[in-house]
Amino acid sequence: MQQTYKSSGASPSQPAAGTVEPTMHPQTSYPFWLGGVGATMAACFTHPLDLTKVRMQTIHSAKGGPVHPSTLSILRMTVTETGFKSLYTGLSASIMRQMTYSLVRLGAYEKMKGYLSQDGPAPASHLFLAAMVAGGLGGMAGNPADILLVRMTSDFVRPPKERYNYRNAFSGLITLVKDEGVHGLFRGMGTNLTRAILMNGSQVGSYDLFKQILLRNKLPLIDYQLQDGLLLHSISSVLAGTFATTVTAPADVMRSRLMAAHGKTHPLEVLTTALREEGPRFLFKGWTPAFIRLGPNTILMFIFFEQLKKGWRFLYPADYIP
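Since the structure is predicted, the reported quantities are computational estimates derived from the model, not experimental observations.

Caption draft 1: How the structure looks around helix α5 (residues 169–180). Across its twelve residues, α5 extends 16 Å between first and last C-alpha, which sits within 8% of the 16 Å expected from 1.5 Å per residue. When we look at burial in α5, the residues that qualify are Ala169, Ser171, Gly172 and Leu176. In an axial view of α5, the angular spread of the buried residues amounts to 155°, which keeps them on one side of the axis. The exposed residues of α5 that point more than 90 degrees off its buried face are Phe170, Ile174 and Lys178. Where α5 begins, the capping side chain belongs to Asn168, and its oxygen is found 3.1 Å from the backbone nitrogen of Phe170. Phi turns positive, to about 80°, at Gly181, one or two residues after α5.

Caption draft 2: Representation of the nonpolar core within the structure. Grouped together as the largest cluster of nonpolar side chains are 16 residues, with contacts concentrated most on Leu106, Tyr109, Val204, Met301 and Phe302. Broken down by secondary-structure element, the contributors of at least two residues to this core are α1 (34–63), α3 (91–116), α4 (124–154), α6 (189–216) and α9 (287–315). A per-element tally of this core places α4 first, with four residues. Those residues in contact with Met301 that sit more than four places away from it in its chain are Gly38, Ala39, Ala42, Arg105, Leu106 and Gln203. Counting 15 residues, the second largest nonpolar core, distinct from the first, contains Met96, Val150, Tyr164 and Ala169.

Caption draft 3: The arrangement of the side chain of Asn143 in detail. In this structure, Asn143 sits in helix α4. Classification of Asn143 as buried rests on a relative accessible area of 0%. Among the polar contacts made by the side chain of Asn143, one reaches the side chain of Asn192 at a distance of 2.9 Å. With near-sequence residues (within four places) excluded, Asn143 lies in contact with Leu185, Phe186, Arg187, Gly188, Met189, Asn192 and Met259.

What counts, and where the lines are drawn
Residues numbered from 1 in each chain as written. Predicted model: local features only at pLDDT ≥ 70, side-chain atom pairs only at ≥ 80, totals over all residues. Heavy atoms only, no water. Helix = DSSP H or I, 4+ residues; strand = E, 2+ residues; numbered from the N terminus. Expected span 1.5 Å × (residues − 1). Buried < 20%, exposed > 50% of the residue type's maximum accessible area, 1.4 Å probe, protein only. Arc of directions from axis to C-beta. Polar contact = N/O pair within 3.5 Å; in protein donor to acceptor, adjacent residues only side chain to side chain. Core = buried A, V, L, I, M, F, W, Y, C linked by side-chain atoms within 4.5 Å. Contact = heavy atoms within 4.5 Å.

Shown next, in the form of structure tokens:
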């Protein structure tokens, strides 16, 4: 994913002075799981906000009656009633999710991007399509962990008799299969797959696009040209996180409610009931904590991923592909 850029002098065969053209680093063979490790590292920092987002999305069906809780009210209620440590409830499920969902979506995207970029930078449309396909693969791989994460983080807002009480992700996985059968692992697969496709396309695909745009154009007002580095990665990540949060919000809410539900629940039934009782606003419940989480999570994920790749090149320089 790393690129270097060089200024080019004016000549009939070169771009005008002051423009930048991408010069790729030598290709490197990275392990498929590297992106999953970077995403896991990021999730360890942002898990409390992920927990808050899920609780905001599911609190209506759990408590009953229209509720419009704020991010701060959920955080305050969590800490007041169960202590600061409870902000990391479900962390084991979050780690399992990153090492399935994110591992596959990032690893598959990097492989596809490398193939598409063999003869030069791939068109943005091709990268978006590759990111969406990779997101779909990740969504299927991570669906069981997603169910566990939603249930473990939303237990707090459910009546005691309706709680799942999973001790950790592994015991929860065994209990899930025991109580609901293997087909229970695919609960909410449709909405989760939709969200995963939208997420990876809007987050990972747009990250590369924003990087290209920022490198080719000076920042307005201050007339500053960004270079490939930490500042560029941070700005591109914030923009990608904002875009991804908005695009995936409706599917994210539907996914959380379907996965938190007991018994058989049809997506259309959940949608029509929520629209009737809460209005269209429910589709963007949890947007603020989702953005607050996804922005830093996107920044940290890509920064950790870039540094892991840099470290891999240092440890295994023989993996460079000429």
